[in-house]
Amino acid sequence: MNKKHLVATLILISMVFITFAWADDDPETAKLKALCKEGNSTNIKSTDSSYACFKLGEKYRVIYQDNKIALEFYKKACDGDYMTACTNGGNLEYLKGTQYGAEWKAAKKMYQKSCDAGEDPACFNLGSINYREGRQKKAIKFYSQACKMGNKPGCAKEIRLKR
């Protein structure tokens, strides 16, 4: 066997080994999954569980770029009242959906929960969805709500739509 074949074989073996070595969760991910999974357990605070689910959603969205799994974790965190997860989950639902579709309805529901809890980006996003659906009065309402929370783009949209 010549040097080129030997090097190519070693590279191939390394790639296979590395792929299998990454198949398991790293310790941090395993810990977060355990916390997220045990969310309804009495020995864990629901805020810890919701935060763990949110962090997993972030990890799967940003690092692994798997929005489907990220959305599952965001939904679980949102159900545990972690509002940023509601906003981020709403964003993923919105992006995969179409106007008046089930995904947009799910996004609006997640945004509404987050907006009601004081998350200005969720209020802004509700304004944007309603505007795209042709509901200008509702859009203005949500842009105004976002503006009152300090969201400058919400203020700009409100002013522009009130003309």
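Basis of the calculations
Residues numbered from 1 in each chain as written. Predicted model: local features only at pLDDT ≥ 70, side-chain atom pairs only at ≥ 80, totals over all residues. Heavy atoms only, no water. Helix = DSSP H or I, 4+ residues; strand = E, 2+ residues; numbered from the N terminus. Polar contact = N/O pair within 3.5 Å; in protein donor to acceptor, adjacent residues only side chain to side chain. Contact = heavy atoms within 4.5 Å. Disulfide = S-S within 2.5 Å. Buried < 20%, exposed > 50% of the residue type's maximum accessible area, 1.4 Å probe, protein only.

Visitor: Let's hear about the side chain of Ser49: which residues, and what values?
Guide: Tracing the sequence through the fold places Ser49 in helix α3 (residues 46-63). Within polar-contact distance, the side chain of Ser49 engages the backbone oxygen of Leu35 at 3.4 Å. Of note is the side chain of Ser49, whose polar atom sits 3.4 Å from the backbone oxygen of Cys36.

Visitor: Summarise the side chain of Asn130; cite the residues concerned and give the values.
Guide: Here Asn130 lies in helix α7 (residues 120-132). Excluding its chain neighbours within four sequence positions, the residues that come into contact with Asn130 are Lys108, Arg135, Lys138, Ala139 and Phe142.

Visitor: I'd like to hear about the state of the cysteines, residue by residue, with values.
Guide: Taken as a whole and judged by the stated rule, the model has 4 disulfides. In this model Cys36 forms its disulfide with Cys53; the gap between the sulfur atoms is 1.9 Å. One disulfide, between Cys36 and Cys53, carries an S-S torsion of 100 degrees and so falls in the right-handed class. With Cys36 in helix α2 (residues 27-37) and Cys53 in helix α3, the pair connects residues that are 17 residues apart, well separated along the chain. Since its relative accessible area comes to 2%, Cys36 is described here as buried. Between the sulfur of Cys78 and that of Cys86 lies a disulfide, 2.0 Å long from S to S. On the sign convention where negative means left-handed, the S-S torsion of about 100 degrees between Cys78 and Cys86 marks this disulfide as right-handed. Cys86 sits in the buried class, given a relative accessible area of 0%. Look at the chain and number its bonded cysteines as they come in the sequence; the links are 1-2, 3-4, 5-6, 7-8.

Keep in mind that these numbers describe shape and distance, not what the molecule does.
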